[in-house]
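# Architecture and fold: a report
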Amino acid sequence: MPTTSKVTTFDYDKLTSAEKQFVDLYGLAALQAGIANAESPAAPPARSADKPAAAFTIIGKEQRDLEGYKIVTGRARFTADIYFPDMLYVRVKRSPLPHARVKSIDTSKAEKLPGVKAVMTYKDIPEKMTAGGRPILASEPGLVGDPIAAVAAINETIAEDALNLIDVQYDQLPFVIDAREAEKPNAPLALSTLKNNLAGTPFKATRGDVSKGFADADLVVEHVVDTQDQQHVAMEPHMAVAKWDRDNLTIWITSQYTHSTAASVAASFGLPTSRVRVISEFTGGGFGDKAGIAFPYIWLVTLLSRKTGRPVRYELTRTDVFMEATHHYPVYQTIKLGFKKDGTLTAIQARSIAQAGAYSPFAGFLASDTLSAARVQYTCANISLEGVGVITNTGVAGARRAVGEPSGVFALELLMDEAAEKLSMDPVELRLKNLNETGDPESKQPWSSNGLRESIVKGAEAFKWKERWKGWNAVNSGTGPVKRGVGFMALASNKGSKGPPMTAVVEIPVDGSVRVVQGGAHIGGSQRTTWAMIVAEALSVKLEQVSVTPPDTAFTSDTGVVAGSRATKSIGLAVKTAAEDARQQLLVNAASKWSKDLKKDVKADELEINEGLISYKPDASVKPLTFAQAVASGFVIVDGQLEVNTETGVVRVLDVLQAHDVGRVINLLTIRSQVEGGSMQGIGFALTEDYIYDKATGIPVSANLDDYKMLMINNTPKITSLFIETNDAVGPFGAKGIGEPALMPPAAGIANAIYHAAGIRLKSLPMNPKKVMEALKKKA
Amino acid sequence: MRSFKYYAATSWEDAVAMLSKNAAAQVIAGGSDLLGWIKDDLNGPGAPRADLLIDIRTIPNTSYVKFDAAGGLKLGALTPLVTVAESADVLKNYPGLAKSALSPASPAIRNVGSIAGNLMQRPRCWYLRGKDFACYKKGGDFCFAVTGENQYHAILEGELCYIVHPSDTAPALIALNASAKVVGPGGAKDVALDKFFIGPRTNVLKETVLEHNELLAEISVPAPAANWKSAFIKVTQRDVYDFAVVSVAVAGQIEGGVWKDGRVVLGGVAPTPYRATAAEDALKGQKIDEKSARNAGDLTLVKARPMSQNAYKVDIAKNLIARAVLSLASA
Amino acid sequence: MNEEGNKPGQSPEEETMDTRSTAVTRRQFLIGAGAGLVVGAAATAGLQALQPAKPVEQAKPAPPVQQPAQPAPATAIVEPVSGAKLVKLNVNGLDYSLAIEPQTTLIEVLKRDLGLTGTKLGCNGSMCSACTVLVDGVAQNSCSLLAIRESGKKIVTVEGLEQGGKLHPVQEAFWTQMGYQCGFCTPGQIMRAVELLNKTKNPTDAQIMAHMSGNMCKCGAYPNILKAVQAAAKQMA
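What counts and what doesn't
Residues numbered from 1 in each chain as written. Chains lettered and ligands numbered in written order. Predicted model: local features only at pLDDT ≥ 70, side-chain atom pairs only at ≥ 80, totals over all residues. Helix = DSSP H or I, 4+ residues; strand = E, 2+ residues; numbered from the N terminus. Buried ≥ 20, exposed ≤ 12 C-beta atoms within 10 Å, placed from the backbone. Contact = placed C-beta atoms within 7 Å. Axes fitted to C-alpha atoms, helices over the stretch in contact; angles between N-to-C directions. Left-handed = near helix turned anticlockwise from the far one by under 90°. Nonpolar A, V, L, I, M, F, W, Y, C, P; charged D, E, K, R; others polar. Pairing = 2+ DSSP bridges. Right-handed = clockwise from strand over helix to strand, strands pointing away. Domains from an automatic or database assignment.

### Considering the overall build of chain C
The secondary structure content of chain C amounts to six helices and five strands. The secondary structure elements of chain C, listed N-terminal to C-terminal, are α-β-β-α-β-β-β-α-α-α-α. Burial analysis of chain C (237 residues in total) assigns 57% to the buried set. If you take every contact in chain C between residues at least 6 apart in sequence, the share linking residues at least 24 apart comes to 63%.

So, in structure tokens, the structure goes:
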């Protein structure tokens, strides 16, 4: 049956630079099929290193982090560790109102406080200068926590004392907190510059005829699902140190993408990028929140340093971080599925409202990403999807590990489970029956690797799914207050393969060592170790010969952001390509040396490299040369077991298994750790983390680590990871990214297991004791 | 942190005298709660701005666990929670108290946080702790929880202000009929811990009977009588760094499976630790079984007046009372 | 417990200067002004230089080129200024005498004044324990300790664990088992584990999890942290 499909497209050239950046970083454009992704080939190319796993000497093994010594001794230099003797410290007065106009600010008392070196308000910000569209110091604050005045003083105590001496008077303006309210035509405008609160054109995707699809269905299931506001809470708070040396600017910043900051600050201050140096030697976590995003604090330290002529440091307090940093945005979804009796999907209809917060440069793309799973994961001839991003007076939405997909796949996979029960099918079988194994239905691009079926089958087998699930009759069959259950979900992710042009240089200095010059961040995946392994494998040298530079825009080129699960695949590809180029140059050099020495015509392709020695294949008697002489998207399933205490509402996750198609394992130690860490963040998303606003005042009430509850070591379940190696068509040695896919599965898996245990279907995150008890009461 | 002054007290009398002289002084023991309060710069009539900290950890001999079978247990005010929780005497004679001292916050906080500090800490209400909410306790005329985010707020005895008492050791100590030695300008006096905490209907600006220049110096717990047992259960979202959604401490004299006498005290449900006298009365002379235990829980929560988001706590509290009472019978 | 810093019985009213009205000229001599370390010789003019209790070792070698200069360890001490009091601390075996203001926390002294940047600040509110150090052998959150109250104490930070070029077994285990991802919470995790293994040989998994439970790791490296503590426990048994 021929189908027609239509997907909203964005005119890339008309996007703002911030939007382009976001689209590029997260590959979101590819979702919207209208934009061709030049990097994804129309057909799988010949694989560059199509060897069996056993043939590798370095990759695929457990390799401890090459930077580990610095980490465990406290020598690793994070931005938080940068101090100068004459440095000034910043504190910022923030808006207590979600939407207001500053009527007056009196800073005179603060300026007179001994030790205060500079006080700034919006009046001191150069005209039209913004941080990627956000006010650096606001005259019309658009959320509680918008920066209003900044003080630089000789220490933080004096700066804090000075804040209390600043008097700000506001005119309150109407505000709106909830995207569902803000979407309505008569809603208050979140910012006075808006015509309405809708962010960009709503995203729409249609295929076939969805009403016919539902008419043909034997079973229709639907539900309303909401997922909460979260902050990433990287352990290193956002911070930067700025230092001007006349017209040269250096910024130390905790970042996933220094080159992006260098470019945006340079453009804003009218400097050539060569005069802006941005350094982030070690980064204390980011999860997407530090992906080169323009934050007001970066401009503030830069302006204050320029004004005072001294190095200026602003280490945001944890509450500052909650208010100024980006958020994993709440999504309100309705989703409806149609099935034939045999389980065949006939129709998918979904609508998604993404709460973009104030100023989000990405607002137009947020809703579309939540619909990715509904569009591509299963084969379905009839779909109708709509997504809207809505501006609100809340924390600025950004990208957190997998952006909108975790919310979308949660909604989809809950409903798949419910459908499986109504069809009396094993939930695993229902997924297998409908899997999309060919590629993007709209762009027709094939999957770069496709191990989903294998992941599901092997994962279910390893978990002993059949034995532990026991059929739908087993739901809520336990006795006693504590009930156990298992749950399953599947996920085909679009993450982990795209990005802007990446560059890296592999240098081989005269001593024959290997230096990888690149600008990617070291942020938790032992990224520098991964790249060293890829280079060592590509050059056939020992790992100890290889060193990798930290990101410093003065010395490294733009290798792209470490986000979007692209450190291994995309940056890995860049360093591998560079290494292969270096290898070719080495061989040409060696061939020319031997041509002279042996007085015969030696060709580069007659040479090979092993463990750092170049040898001449036709003649084993020729002494090998050392380098010194030569030189002049992931797929996943999860199963989980947990227990629900029906007297207290407390859910305890016991056993998680994630099976991923990872293309190829580079560092077994790191990839396992990524799955474990992703599982923990996913469980926090599912059970505890919740950023709550007081609706009457717009003030967040959980902007601290007491009320914003993250899980600790004693809430860690057994986590098993299973890696399916399918040799990805694009990634280095067939590898692809894992960072984002690892976070997504737990929420749906846990919700489905809660149903299996206690017979309640929870459709709102987090699934805390309150929601469990309320659902149990409703069921009783 | 903003600036303040510091004074190291040498004796209880010295500390009392300094407090009497300085209206803006606050006492610092372990400092876990107070420093957070200062860092967040929370101020108002019920939360005076501390311009001077009076250190009472510098007073000699204030950290101790003393026990004898006749006189019972004495805890110095500055005794770290970890010391209480790990004391062999406490573990053996007051298992409910030991468990309650092991449950606040985190191991590092229990290393520094004192038993008196755990009793005296201010409530965790996120409106009280939010700088920009002028609630009753900060001199305002509104409780934001009533119409706002009240999922953790009081289900019992709320009035004007709907805080819940955050201490884990308070219910455990009240269940054990503990008393507090209070020092002040007139010398020392004993106050039953049961009467130590006050709710908003008595005074919305504070949570205990202590005046500004009075200090909690020592906790006394009577010696355990024959067949006395105690237990403590706390429900939280995570196993560390979490205040009780609901907690319950029970101590009872159980003979032949029958509840002779005892106390049931709830935490996390009311502005003060809540004596469940309805449960205590109903259990008296009853054989402990599923039915009598459930009944004790149900009767206690008859008086519950939940708000828009916290009715789930009523069910948890009922279940928890039943579970704790049953645990004494099986212990 | 009361060293010169906390003169018991001395009323703050007796102090001559209010913090906020301190002469700027004096304050400017201070690094960050939290503790009274003098930047250079010129700055001591007019202020009396005291000797540290014990000779202080030379400053650590300068960090690699790309780093900014770090403040050197104490080489001279100034008289207490404003609300500051003289405090003696032994940090990683070295004695320091420092003029410290009441609101200055221990982590500020360690990082900003002594240049010991290994300790990390995650929340500044005792809610993540990234700032864990040992105080007389007890693991505590250095963000929530007023330095003037710790006079006379022995402090050990992550920099104090490596002896003669040999890593502490806990450090070795955290590296080998990759008991971290980004590494920011790692110094605190390590100090917490050292406290456990100093007092408990062969801890059970439950003991390890309970003891480590306050140390937050948002990367979620918990399974490997458990493995690291288990491995270190074997080494130290």
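### Points about the packing of helix 5 (residues 205-212) of chain C against helix 6 (residues 222-236) of chain C
Residues and elements named next belong to chain C. As a packed pair, helix 5 and helix 6 sit with axes 10 Å apart at the nearest point and diverge in direction by 115°. For the crossing formed where helix 5 meets helix 6, the hand is right-handed. Where helix 5 abuts helix 6, its residues D205, I208, M209 and M212 lie against I225, L226, V229 and Q230. Class assignment for the residues of the contact of helix 5 with helix 6 results in six nonpolar, one polar and one charged.

### Focus on the sheet that holds strand 5 (residues 154-156) of chain C
In sheet architecture, strand pairing relies on hydrogen bonds along the backbone and comes in two forms, parallel and antiparallel. Residues and elements named next belong to chain C. One open sheet holds the five strands; their spatial order is 2-1-5-3-4, and the pairing between them is mixed. Strand pairing shows two members of the sheet lacking a second neighbour, strand 2 (94-100) and strand 4 (138-141), which therefore form its edges. Going from strand to strand, the sheet's axes swing by 40° on average, the running direction of each strand aside. The sheet contact formed by strand 3 (residues 132-135) and strand 4 spans four bridges and is antiparallel. Residue pairing in the sheet places V135 in a bridge with V138 of strand 4. Where helix 4 (residues 186-199) meets the sheet, its contacts fall on strand 3 and strand 4, and the angle it forms with strand 3 comes to roughly 35°.

### What to know about the pairing of strand 26 (residues 651-661) of chain A
All names here are of chain A. Burial of strand 26 is extensive: eight of the 11 residues sit out of reach of the surface. For strand 26 and strand 27 (residues 718-724), the ladder comprises seven bridges, and the chain directions are parallel. Its bridge partner being in strand 27, D655 is matched across the sheet by K718. Read from strand 26 through helix 19 (residues 668-687) to strand 27, the crossover connection turns out right-handed.

### Focus on helix 4 (residues 156-163) of chain A
Residue and element names in this part refer to chain A. Along helix 4, eight of the eight residues are buried, which leaves the element largely enclosed by surrounding structure. Residues E156, T157, I158, A159, E160, D161, A162 and L163 constitute the buried set of helix 4. Packed against the buried residues of helix 4 are strand 2 (88-94), helix 3 (108-112), strand 4 (116-120) and strand 5 (147-153).

### Some remarks on the domain arrangement of chain C
Residue and element names in this part refer to chain C. You can read the domains of chain C as domain 1 (4-122 + 146-152) and domain 2 (169-236). In this complex, domain 1 contributes four residues to the contact, which on the side of domain 2 involves five residues. A per-class count over the side of domain 1 that touches domain 2 returns no nonpolar, three polar and one charged.

### Structural notes on unusual backbone geometry
Residue P766 of chain A follows L765 of chain A across a cis peptide bond; omega there is -5°. Position of P766 of chain A relative to the elements: it lies in the loop between helix 20 (745-758) and helix 21 (769-779). Although it is not a glycine, R246 of chain A sits at a positive phi angle of roughly 50°. Judged by the 7 C-beta atoms lying within 10 Å of it, R246 of chain A is exposed. Despite not being glycine, N124 of chain C has its phi angle at roughly 55°, a positive value.

### Considering the domain arrangement of chain A
Residues and elements named next belong to chain A. Segmenting chain A into domains produces domain 1 (79-173 + 237-283 + 290-324), domain 2 (447-497 + 634-779) and domain 3 (499-630). With centres defined by C-alpha atoms, the gap from domain 1 to domain 2 works out at 38 Å. Across the boundary between the two partners, domain 1 contributes seven residues, which contact six residues of domain 2. Looking at the side of domain 1 that touches domain 2 residue by residue, the classes come out as five nonpolar, one polar and one charged.

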